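Each chain, letter by letter, is given below.
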Amino acid sequence: MSISISEKVENSANKAEYNNYKKIVEQIKQVSFESLDNQGISNKSSELRNKLSKGASMEDIIIEAFALAKLAVKRVLNISPYDEQLIAGIAMHRGRLIEMQTGEGKTLSAVFPAYLNALSGRGCHILTFNDYLARRDAAWMGPVYEMLGLTVGFVQENMKKSEKQSAYACDITYVTAKVAGFDYLMDSLCYKKSELMLRPFNFAIVDEADSILIDEARIPLVIATGGEQDENTLCLTMESLRKLEPEVDYGKDEVKGNVFLTQIGLTRVEAMLCCGNLYAEENFNLLSEVQNILHAMALLTKDIDYIVRDGKIEMVDEFTGRVAQNRRWPDGIQAALEAKECLCIQSKGRIMNQITLQSFILLYKKLAGMTGTAKDSSYEISEFYDMEVLVIPPHIPCKRVDYPDVIFTHKQAKYKALSEEIKRVHATGQPILIGTCSVEESEYLAEELNKIGIEYKVLNARNDEFEAHIIEQAGTLNSVTVSTNMAGRGADIKLGGVDGTNRDKIAALGGLYIIGTNRHESMRIDKQLKGRTGRQGDAGMSKFFISLEDDLIKRYGIDKLISSVLRPGNQEEPLINPKIAKKIGQVQRIIQGQDSDLRRALWQYAFFIESQRIQVHQRRMEIVNDTIPFNILGKENPELFTKLTNFFNESTIIELEKQVALYNIDEVWADYLAHVEYLQEGVKLSVLKGKNPLLEYQIETDNTFQKLALEVQKRILQDFEALEISQHGLNILKERVKPPSSTWTYLVHDNSLMGPLSSLFIANSISSLGRLLSWPVLFGTSVYKKIFKNTSA
Ligand code: ADP
Ligand code: MG
């Protein structure tokens, strides 16, 4: 394979950096603390902490700190960290995202930069992939930090507030990005300093970083309160639209996630709804409704994309194939789905605040990451997070054999070959792990295995811990495990299972055999699956079985790219043609590029609102933390203020004023978010009309935002002017401006910003880039970070 010039440069840059870190590792190994007893280690650690507080930089103490941590690891866990782990540790301290194969010991590598950075006393978060791993890793590495005199905690989604507060107060906190993000949103509605959960964000190490930084980056975390139910015509519209015929009345483009009315369909809809021109200005809401319903009908399939349980729509996560807790589609689509399934429309609540995972991660002053698969996305990671990827080679070279894909003309032939392969291999005792792309496929395969009498385990549990324990045993003799792609990420699969029984025998059989039943849209996910075998230089092998009828191939029209010469009619034998495999790889790259464009375009919109959100949040925190004197009333209506001071203590008034201010800031912000959502609907329409959506959106939102501060001030004054001056009046006002009594948090599924028309709008905003070139477009994340890094949170 030829290597491109940019790759060569990158490799040599990588190499220089790597060698540089290697030299530091040599210095670390020169330091001998062996003679220190446990108390001595703790004392030495305090000494380092003192040095920092007296003005030494972390760079000044890195050698000693790493050497000390290395000794603590040896004492407590009885393992000697490898050089590669120390190198990874240094790289993460320097803000890199390290790519390190599964099973190489990333959990341990993170201890070094976490320790060094937490010595400052400003805290370090290790953002894990799920709650179970937060718990596991804190328990696993906790004793090391404790020997070093640091405190360690972990946070779980359903912990009590007080438990979370103490976990966040620790030097090191293990927590998922989602939970930390939700807690941040909770804090953003908080009225009292003593009730805040989080400290200002300092340093985060993101584990399984590609998943959070790329795959989940766009997901908004939302906090909402009760809210009133919308009166709507949705169910009626739904009933009409059910009569539409697919392909005649509407068509879809699954690649772009679009569905559109045909001319025939449009005429029918206009007749059914008696609305005149559907695209007319006054039918704005109706058109959105129609779009959402079409999306729900045409693009979302029950039992694949969602299930219905207890009268509720539950989304199925496309990556894990499991029900995604607390996650929903954008409101319009969620409601349309509920109408489609004839469920009563759930009250959508009022959104009080929201933040995407990407923006949340960027609130940290300093970031590092680790994962088994990052290289393929290094460009994007650098662009969005200002973070460079460093590849750390495995401690023992990887011996895994990746066989070429076996490609069939149709699904039936693929499954037949799969069954035969499983049966043949299983007879030898070699363990097999089969990665599928959906719960549905896992279940189908399980049926097939039943037919040929093979015992297996299927991962469709909803419990991460339970799954991790099954996955950990996937490498034992005779075992067959069927799992959706990403279930059990973070679990370590040792040959022979946790206790390593029959290890050598299994290695002689070829190690754990990974079978992929599909190629995923993202090459990274395929690599994750392969990476589950061949850990730490073990034997291992992988093979993918594909058919030209697979979703990926059909959805992206790869079958059409393959000329009929290469493509015979259905046949039972695999197709032997490297060109086809190459095409699939190409398509994965195209999809990756498209996804990346989508994220880039959405970022331009999200960036705008996020920078406003940060300003509001900062102002709000100044009030909560009492960092600036606050007295709008005294300034704007001194007469009233004086009058009030005749009745109440000045401090009582100022305290009440703070409460009134916080309440109104939250109200005004929530109204603004609703307005933004409304504008986003408008953006969709302006795309349809061929206008420049980004520019219009920016002008509109900016105009409105500029007026928010005045609006807040106006409402504060109004509240006081309407106050009846008596203890009773005061109590009434206090009661009204209380924090919301109940809030709930949830995730909105991908594409939330633009919903069904996202691709349309992207095409437009990308083509208009040249004309546009207004500052936010040129604004990369790095600039953004420079502006907001030190002021956020
Ligand atoms: P990763 O997160 O990179 O997939 P883990 O952190 O889960 O890997 O570690 C995988 C396994 O490697 C664990 O069982 C751990 O105990 C072991 N391990 C890590 N570092 C070392 C080391 N230096 N020596 C021996 N075993 C190690
Ligand atoms: Mg891990």
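Here the structure is shown first, and the text comes after it.
Read on for a plain summary of the structure.

Along the protein chain, the regular secondary structure elements total 34 helices and 22 strands. Within the protein chain, residue pairs in contact and separated by at least 24 positions form 77% of the contacts whose partners lie at least 6 positions apart. Looking at the protein chain as shown, the accessible area adds up to about 34100 Å², and 52% of this sits on carbon and sulfur atoms.

Our next topic: the sheet that holds strand E12 (residues 350–356). Ordered in space as E11-E22-E6-E12, the four strands form an open sheet in which the pairing is mixed. Strands at the two margins of the open sheet, each flanked by one partner only, are strand E11 (327–328) and E12. Looking at chain direction, strand E6 (residues 220–225) and E12 are connected through six bridges and run antiparallel. The residue bridging Pro220 from the neighbouring strand is Thr356, located in E12.

A separate point is the site of ligand 1. Near ligand 1, the surroundings consist of 18 residues, among which Gln85, Gly103, Lys106, Thr107 and Gln536 are the closest. Residue Gln536 places a side-chain N or O atom 2.9 Å away from an oxygen atom belonging to ligand 1. Broken down by element, the residue count for the shell around ligand 1 peaks at three residues, all from helix H5 (residues 106–109). Residue composition of the shell around ligand 1, grouped by class: five nonpolar, eight polar and five charged.

Moving on, we come to the packing of helix H4 (residues 83–93) against helix H6 (residues 111–118). With their axes 7 Å apart at the nearest point, H4 and H6 run at an angle of 40° to one another. When the axes of H4 and H6 are compared, the pair comes out oblique. Considering only the axes of H4 and H6, their crossing is right-handed. Here Leu86, Gly89, Met92 and His93 of H4 lie close against H6, whose contacting residues are Phe112, Pro113, Leu116 and Asn117.

On to the sheet that holds strand E3 (residues 152–154). Reading across the sheet, the seven strands line up as E3-E4-E2-E5-E13-E1-E14 and stay open at both edges, with parallel pairing between neighbours. Of all the strands in the sheet, the pair left with one neighbour each is E3 and strand E14 (389–391). Pairwise comparison of adjacent strand axes, ignoring direction, gives a mean angle of 20° for this sheet. Two strands pair when backbone bridges link them, and strand E1 (residues 97–99) and strand E13 (residues 366–371) are joined in this way by three bridges, in the parallel orientation. Following the sheet pairing, Glu99 is matched in E13 by Thr371.

Enumeration over the complete set of coordinates arrives at 14 aromatic pairs. Measuring from ring centre to ring centre gives 6.4 Å for Tyr145 and Tyr174, while their planes differ by 55°; the resulting arrangement is tilted. Of the two residues, Tyr145 sits in helix H7 (residues 131–147) while Tyr174 sits in strand E4 (residues 172–176), which places them 29 residues apart along the sequence. For the pair Tyr145 and Tyr174, a shared accessibility class is recorded, and that class is buried. Through a chain of ring-to-ring contacts, three or more aromatic side chains come together here, namely Tyr184, Phe201, Phe360 and Tyr364. Over the face of the ring belonging to Phe544 we find Arg519, whose NZ or CZ atom lies 4.7 Å from the ring centre. Here the guanidinium or amino end of Lys543 rests over the ring plane of Tyr403, the centre of that ring lying 5.3 Å away.

Further remarks concern the nonpolar core. Formed by 56 residues in total, the largest nonpolar core has its most connected members in Ile98, Tyr115, Ile126, Tyr145, Ile172, Tyr174 and Ile205. Broken down by element, the residue count for this core peaks at 11 residues, all from helix H3 (residues 58–77). Residue contacts for Tyr174: discarding those within four places in its chain leaves Ile126, Thr128, Ala134, Asp137, Ala138, Met141, Tyr145, Val152, Gly153, Phe154 and Val155. Counting 47 residues, the second largest nonpolar core, distinct from the first, contains Met197, Ile214, Ile355 and Ala670.

Turning next to empty space enclosed by the protein. Across all of its chains, the model carries eight cavities of 30 Å³ or more by this definition. The computed volume of the largest cavity comes to approximately 90 Å³. Looking at the largest cavity, the residues that line it are Ser188, Leu189, Met352, Asn353, Arg613, Val616, His617, Arg620, Ile665, Asp666 and Trp669. Counting residues per element, the lining of the largest cavity draws most heavily on helix H24 (residues 578–624), which supplies four residues. When grouped by side-chain class, the residues that make up the lining of the largest cavity number five nonpolar, three polar and three charged. The computed volume of the second largest cavity comes to approximately 70 Å³. Considering the residues around the second largest cavity, the lining is formed by 13 residues, among which Arg122, Gly123, Cys124, His125 and Pro200 are closest to the centre. Per-class residue counts for the lining of the second largest cavity are seven nonpolar, four polar and two charged.

This part is about a negative patch on the surface. Side chains of Asp303, Glu440, Glu443 and Asp551 sit close together on the surface and give a patch of like negative charge. A relative accessible area of 44% places Asp551 in the partly exposed class.

Inspection of the secondary structure puts Ser479 in the loop between helix H19 (464–472) and strand E19 (480–484). Judged by relative accessible area, which is 15%, Ser479 ranks as buried.

Scoring rules and cut-offs
- Residues numbered from 1 in each chain as written.
- Chains lettered and ligands numbered in written order.
- Predicted model: local features only at pLDDT ≥ 70, side-chain atom pairs only at ≥ 80, totals over all residues.
- Heavy atoms only, no water.
- Helix = DSSP H or I, 4+ residues; strand = E, 2+ residues; numbered from the N terminus.
- Contact = heavy atoms within 4.5 Å.
- Areas by Shrake-Rupley, 256 points an atom, 1.4 Å probe, with all protein chains shown as cover.
- Pairing = 2+ DSSP bridges.
- Near = heavy atom within 4 Å.
- Polar contact = N/O pair within 3.5 Å; in protein donor to acceptor, adjacent residues only side chain to side chain.
- Nonpolar A, V, L, I, M, F, W, Y, C, P; charged D, E, K, R; others polar.
- Axes fitted to C-alpha atoms, helices over the stretch in contact; angles between N-to-C directions.
- Parallel < 35°, antiparallel > 145°, perpendicular 65-115°, else oblique.
- Left-handed = near helix turned anticlockwise from the far one by under 90°.
- Phe/Tyr/Trp six-rings, centres within 6.5 Å; stacked < 30°, edge-to-face > 60°.
- Buried < 20%, exposed > 50% of the residue type's maximum accessible area, 1.4 Å probe, protein only.
- Lys NZ or Arg CZ within 6 Å of the ring centre and 35° of its normal.
- Core = buried A, V, L, I, M, F, W, Y, C linked by side-chain atoms within 4.5 Å.
- 1 Å grid on protein atoms, 1.4 Å probe; cavity = no way out; pocket = protein on both sides within 12 Å on 5 of 7 lines; lining within 4 Å.
- Points joined across faces, edges and corners; volume = space filled by probe spheres on them.
- Patch = residues over 30% accessible without salt bridge, like charges linked within 9 Å, V, L, I, M, F, W, Y side chains within 5 Å.
- Salt bridge = Lys/Arg side-chain N within 4 Å of Asp/Glu carboxyl O.
- Lys, Arg positive; Asp, Glu negative; His and termini not counted.
- Charge placed at Lys NZ, Arg CZ, Asp CG, Glu CD.

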